[in-house]
Amino acid sequence: MASDRAKRTMTTCLRLGQAETLTYRPAGGTARSVPAMVDRPGREEQGGVASPAIQATLLNDAALGVTPPGVTGGVNTGGDEIDVAEWPGGTAVRRQIVRVAEADTDFVRVEVR
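Residues numbered from 1 in each chain as written. Predicted model: local features only at pLDDT ≥ 70, side-chain atom pairs only at ≥ 80, totals over all residues. Heavy atoms only, no water.

Along the backbone of the chain there are one helix and six strands. Beginning at the N terminus, the succession of helices and strands in the chain can be written as α-β-β-β-β-β-β. Relative to the 2.2 N^0.38 estimate, which gives 13 Å for 113 residues, the radius of gyration of the chain is 13 Å and therefore close to what a compact globule would have. Carbon and sulfur atoms provide 48% of the accessible area of the chain, an area that totals close to 6,200 Å². Between the mean site of the 13 positive side-chain charges and the mean site of the 14 negative ones, the chain shows a separation of 3 Å. (Helix = DSSP H or I, 4+ residues; strand = E, 2+ residues; numbered from the N terminus. Rg over C-alpha atoms; globule rule 2.2 N^0.38 Å. Areas by Shrake-Rupley, 256 points an atom, 1.4 Å probe, with all protein chains shown as cover. Lys, Arg positive; Asp, Glu negative; His and termini not counted. Charge placed at Lys NZ, Arg CZ, Asp CG, Glu CD.)

Before going further, it helps to spend a moment on the sheet that holds strand 4 (residues 81-84). The antiparallel closed barrel is built from six strands, whose spatial order is 1-2-3-6-5-4. Between one strand axis and the next, the sheet turns through 50° on average, direction left out of account. Relative to strand 2 (residues 32-39), strand 1 (residues 20-25) is paired through five bridges, and the arrangement is antiparallel. Bridge assignment links Thr 23 to a residue of strand 2, and that residue is Ser 33. (Pairing = 2+ DSSP bridges. Axes fitted to C-alpha atoms, helices over the stretch in contact; angles between N-to-C directions.)

Here helix 1 (residues 4-16) is 13 residues long and its end C-alpha atoms lie 18 Å apart, about the 18 Å a rise of 1.5 Å per residue gives. Within the span of helix 1, buried status applies to Ala 6, Met 10 and Cys 13. End-on, the buried residues of helix 1 take up no more than an arc of 60°, which puts them together on one face. Seen from the buried face of helix 1, the exposed residues on the opposite side, beyond 90 degrees, are Asp 4, Arg 5, Arg 8, Arg 15 and Leu 16. In this structure, the buried side of helix 1 is in contact with strand 2, strand 3 (54-59) and strand 6 (107-112). Of the residues flanking the end of helix 1, it is Gly 17, one or two places downstream, whose phi is positive at about 80°. (Expected span 1.5 Å × (residues − 1). Buried < 20%, exposed > 50% of the residue type's maximum accessible area, 1.4 Å probe, protein only. Arc of directions from axis to C-beta. Contact = heavy atoms within 4.5 Å.)

Right, let's talk about the pattern of salt bridges for a bit. Summed over all chains, the structure comprises seven salt bridges. One salt bridge in this structure joins Glu 20 and Arg 40, with 2.8 Å as the shortest N-O distance. With a gap of 20 residues between them, Glu 20 in strand 1 and Arg 40 in the loop between strand 2 and strand 3 connect regions that are remote in the sequence. One network of salt bridges, in which partners are shared, links Arg 25, Glu 81, Asp 83 and Arg 94. (Salt bridge = Lys/Arg side-chain N within 4 Å of Asp/Glu carboxyl O.)

Structure follows, in structure tokens:
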């Protein structure tokens, strides 16, 4: 479960515009808003074409974020979805969580397409 320090970090990132609120849609569950730091590949890095892969770092917390696979209620890759825009300020689109790129006691980083 995310530490108090991780929760404060996420709150600060939201306040500074370095994080945003996404809609997490667990398969068979109720959608909820969660804070996340979003990594979108730059167009220059992809030869001028937007990459379909977006990574979102969420709190490792069942109420405030998500929990990794293997934990009761954990992320279901291929079933859970997140609404996120391709670019900051854009219209959010429902995207499937395709993999968990990284997870520790504070954060879970997921890749969506």
